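Structural description and commentary
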Amino acid sequence: MYIVCNLTTQKYKVLPKPSGLSSRSAMRRGAYLAFDPLKSPHYKVVVGSHYPRSKREPWYFEIDKYNSESGNWKTMIPPDTCCGCGVFWSGAIYWLVSYKNVLMRFKVDAEEMTALPLRRRSLSKESMKYFGACCDGLIIIQTRSSSTLQLFTLELKSDTCWWILKYCMNLETIGSAFPEIEYVFKFNVLCVVKGEKTEDYALVLAIPGNVITYNMERNTLDVFHDLVLGEQINEGLNG
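Residues numbered from 1 in each chain as written. Predicted model: local features only at pLDDT ≥ 70, side-chain atom pairs only at ≥ 80, totals over all residues. Heavy atoms only, no water.

With an unreviewed UniProt entry as reference, the protein chain is termed F-box associated beta-propeller type 3 domain-containing protein, source organism Rhododendron simsii.

Structure below.
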């Protein structure tokens, strides 16, 4: 079941079940909302499904696209498969396939799948803390070890296929204010947001007991939300 919620109107819509082409049970699915209110009041939902290999049904990746204007689903079998993290940005769904060092781009309106070779290798998926979009670029945040507070922020602009190292951070400021994070090395990057300045980025982090914002340019932090006992926050990896 897929439900689309409008945070402004506090209304939601339960989408009809996609028909799909395969009779197999999917091993993994990822759903992505494609919506740009500056271009259209309508939205699309893209669902990527991975299936086990089968002689009767040789394809193992399928895309279902829902159009809110027509109220219908459309099923496609792209020439390439996608796996791992996905994010909607600039009219397309992007999947980062780290073991191939490529970005798979699915243009939602044109329904075109393209492989974009990357000219700078990113780190392994195990080291990735976040993959998403902010302003006019895609963002990766990685760490070289699960037991370190050092983070690397890479940015990919819309006109290149080159990851640029934007920030190399040591979260000692957070470790000093919240000693428990340094002890258990437990933090999740929820999202990256634009700071007060044009090129200023801030992290939204979930740490034990709190959600905080950390400005990467100014090396400052603020407590955004106190977590209650039992409240869980997922890390910022999609798909």
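The next point concerns a nonpolar patch on the surface. Judged by side-chain polarity, M1, I3, Y12 and V14 come together as a nonpolar surface patch covering roughly 500 Å² of accessible area. In this structure, V14 sits in strand β2 (residues 11-14). Looking at V14, the relative accessible area reads 40%, which means it is partly exposed. (Patch = residues over 30% accessible without salt bridge, like charges linked within 9 Å, V, L, I, M, F, W, Y side chains within 5 Å. Areas by Shrake-Rupley, 256 points an atom, 1.4 Å probe, with all protein chains shown as cover. Salt bridge = Lys/Arg side-chain N within 4 Å of Asp/Glu carboxyl O. Helix = DSSP H or I, 4+ residues; strand = E, 2+ residues; numbered from the N terminus. Buried < 20%, exposed > 50% of the residue type's maximum accessible area, 1.4 Å probe, protein only.)

Looking now at the side chain of D64. Assignment of secondary structure puts D64 in strand β5 (residues 61-67). Only 2.6 Å separates the side chain of D64 from the side chain of T75, close enough to count as a polar contact. (Polar contact = N/O pair within 3.5 Å; in protein donor to acceptor, adjacent residues only side chain to side chain.)

Here we come to the pattern of salt bridges. Counted according to the given criterion, the structure contains four salt bridges. Of the charged contacts in the structure, one is a salt bridge between E111 and K65, with a shortest N-O distance of 2.8 Å. With E111 in the loop between β9 (102-107) and β10 (112-117) and K65 in strand β5, the pair connects residues that are 46 residues apart, well separated along the chain. Judged by its relative accessible area of 26%, E111 is partly exposed. When its relative accessible area of 7% is taken as the criterion, K65 is described as buried. A salt bridge links E155 to K166, with the nearest nitrogen and oxygen atoms 3.8 Å apart. Here K166 lies in strand β14 (residues 164-170) and E155 lies in strand β13 (residues 150-157), a separation of eleven residues in the sequence. Assessed through its relative accessible area of 5%, E155 is described here as buried.

With respect to the helices, strands and loops of the structure, V87 is situated in strand β7 (residues 86-89). Between the alpha carbons of V87 and L138 there is a distance of 8.8 Å; along the sequence they are 51 residues apart.

Turning to the sheet that holds β10, a few remarks are in order. An order of β7-β8-β9-β10 is seen for the four strands of this open sheet, with the pairing classed as antiparallel. Two strands bound the open sheet, and with one partner strand each, they are β7 and β10. Mean inter-strand twist for the sheet, computed between neighbouring axes without regard to direction, equals 25°. (Pairing = 2+ DSSP bridges. Axes fitted to C-alpha atoms, helices over the stretch in contact; angles between N-to-C directions.)

Moving on, we get to the environment of D64. The class of D64 is buried, set by a relative accessible area of 4%. Ignoring any residue separated from it by four or fewer positions in sequence, one finds D64 in contact with P18, G20, V45, V46, V47, S49, W73, K74 and T75. (Contact = heavy atoms within 4.5 Å.)

Core analysis: the largest hydrophobic core is formed by 20 residues, its most contacted members being V192, L203 and L205. Looking at this core, the elements that each hand over two or more residues are β11 (128-134), β12 (137-142), β14, β15 (188-194), β16 (201-207) and β17 (210-215). At four residues, the largest contribution of residues to this core is made by β16. Grouped together as the second largest cluster of nonpolar side chains are 16 residues, L103, M128, I140 and L156 included. (Core = buried A, V, L, I, M, F, W, Y, C linked by side-chain atoms within 4.5 Å.)

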